[in-house]
Amino acid sequence: MQIHSLTRFIAFPFIIAGGYVFYKNATDDYFSEAYSWILFPLLIILVALYILSPSIDFWWHQKYPIKIGPPVIKWLNQYSSFYQGLNETQKAKFEKRLSLFMESKEFILMTAEKDTMPDDMKAIIACNAIHLTFDTEDYLVEGYDRIVAYMHPFPTPFYKHLHTVEIEEVDGVVLLCIDYVVKGMTHETEYNIALHAFAEIHMEKHQNTQMVDISKEDVGSLEEVSGISHEAILQTIGFDQVDTRLVALHHYLRYPEKFKSIMPDMYQKISELLKA
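The sections below set out a description of the structure shown in this document. (Residues numbered from 1 in each chain as written. Predicted model: local features only at pLDDT ≥ 70, side-chain atom pairs only at ≥ 80, totals over all residues. Heavy atoms only, no water.)

Some points on the sheet that holds strand 4 (residues 173-177)
Where strands meet in a sheet, backbone hydrogen bonds hold them as pairs that are either parallel or antiparallel.
Okay, step 1: Spatial strand order, 1-2-4-3: 4 strands in an open sheet with mixed pairing. Edge positions in the open sheet fall to strand 1 (106-110) and strand 3 (165-168), since each of these has one partner strand only. Shown here is a sheet whose adjacent strand axes are inclined to one another by a mean of 15°, direction ignored.
Okay, step 2: Most of the contacts of helix 8 (residues 178-186) go to strand 4, to which it runs at about 75°, and overall it touches strand 2 (146-150) and strand 4. (Pairing = 2+ DSSP bridges. Helix = DSSP H or I, 4+ residues; strand = E, 2+ residues; numbered from the N terminus. Axes fitted to C-alpha atoms, helices over the stretch in contact; angles between N-to-C directions. Contact = heavy atoms within 4.5 Å.)

With respect to the pairing of strand 4
Okay, step 1: In terms of residue burial, strand 4 counts as a mostly covered element, since 5 of its 5 residues are buried.
Okay, step 2: Two strands pair when backbone bridges link them, and strand 2 and strand 4 are joined in this way by 5 bridges, in the parallel orientation. Directly across from alanine 149, in strand 4, lies its bridge partner leucine 176.
Okay, step 3: Across 4 bridges, strand 3 lies against strand 4 in antiparallel orientation. Bridge pairing links glutamate 166 to leucine 175 in strand 4.
Okay, step 4: Between the end of strand 3 and the start of strand 4, which pair antiparallel, lie 4 residues, with glycine 172 showing a positive phi angle near 65°. (Buried < 20%, exposed > 50% of the residue type's maximum accessible area, 1.4 Å probe, protein only.)

Quick look at the packing of aromatic side chains
In this description, an aromatic ring pair is defined by two values, namely the gap between the centres and the angle between the planes.
Okay, step 1: Counting across every chain of the model gives 11 aromatic pairs.
Okay, step 2: On the numbers, 6.3 Å between centres and 35° between planes, the contact of phenylalanine 94 with phenylalanine 134 is tilted. With a gap of 40 residues between them, phenylalanine 94 in helix 6 (residues 88-104) and phenylalanine 134 in the loop between helix 7 (119-132) and strand 2 connect regions that are remote in the sequence.
Okay, step 3: A relative accessible area of 0% places phenylalanine 94 in the buried class.
Okay, step 4: Ring geometry for tyrosine 159 and phenylalanine 239: centres 5.0 Å apart, planes at 90°, overall edge-to-face. You can see tyrosine 159 sitting in the loop between strand 2 and strand 3 and its partner phenylalanine 239 sitting in the loop between helix 11 (230-237) and helix 12 (244-254), a full 80 residues away along the chain.
Okay, step 5: For tyrosine 159, a relative accessible area of 37% puts it in the partly exposed group.
Okay, step 6: Here lysine 93 stacks its cationic end above the ring of phenylalanine 134, 4.3 Å away from the centre of that ring. (Phe/Tyr/Trp six-rings, centres within 6.5 Å; stacked < 30°, edge-to-face > 60°. Lys NZ or Arg CZ within 6 Å of the ring centre and 35° of its normal.)

Re helix 6
Owing to its 3.6 residues per turn, the α-helix aligns residues three or four sequence positions apart on the same side.
Okay, step 1: Taking 1.5 Å of rise per residue, the 17 residues of helix 6 would be expected to cover 24 Å, and the 24 Å separating its terminal C-alpha atoms lies within 8% of that figure.
Okay, step 2: Turning to helix 6, its buried residues number three or more, namely Lys91, Phe94, Arg97, Leu98, Ser99, Leu100, Phe101 and Met102.
Okay, step 3: Near the N-terminus of helix 6, the side chain that reaches the backbone nitrogen of threonine 89, with its oxygen 3.1 Å away, is that of asparagine 87. (Expected span 1.5 Å × (residues − 1). Polar contact = N/O pair within 3.5 Å; in protein donor to acceptor, adjacent residues only side chain to side chain.)

What follows is the structure, given as structure tokens:
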């Protein structure tokens, strides 16, 4: 049996004890006079466990991660070429990091019904972050704690027009249109906006990846690598411009073999920068 919440497991006997003390206080005058004080430390312990539960449970899951469900593993085997290329040890590492990433973030599904985001949807988004950071230790993408998924393109206070992807550094939020995320992962010639978002975060946090120089000739080569035109990328993300260094990082991750074949020098440079 796997313990999903260590704090709930620890809290259970204190809840039982508190219930018993409360009951005895209500039914036994002698007990109430002699032992009612016990409720106070029990309450303090339960409040402390509630406040510390995210940290305690995350520490526990680092040692005993929640296993990724079979539907997610099946999806990864079908649509994540990066995961498919890993050996069994690397797959275990990927799955552990994916589980911890999903545990550490608040996922919000923006629907009229305020539905809870299902785990498979969380995993579809999160696996892109794990792919990008697989050779680093910053796989939790610290500083970005909320991931918001819309069912359609959306406006925001910063960008009034409809778009499909945005990161807000100050608030630590990633905003995505989930339909475009799924399309970008399941169709080879569609731009992956989730990978785009986490690549943008990586570029902001690690200045070395901004050292990549993209020439006009490289822009044409990037289109050859992906089969996606620059205009199609702009249409997908919903902006009238995009940092070509970000596109290069996306294509390096999404089409590694073609990237290495067509742009070997750029491939080598990005490889070195990502592992630095």
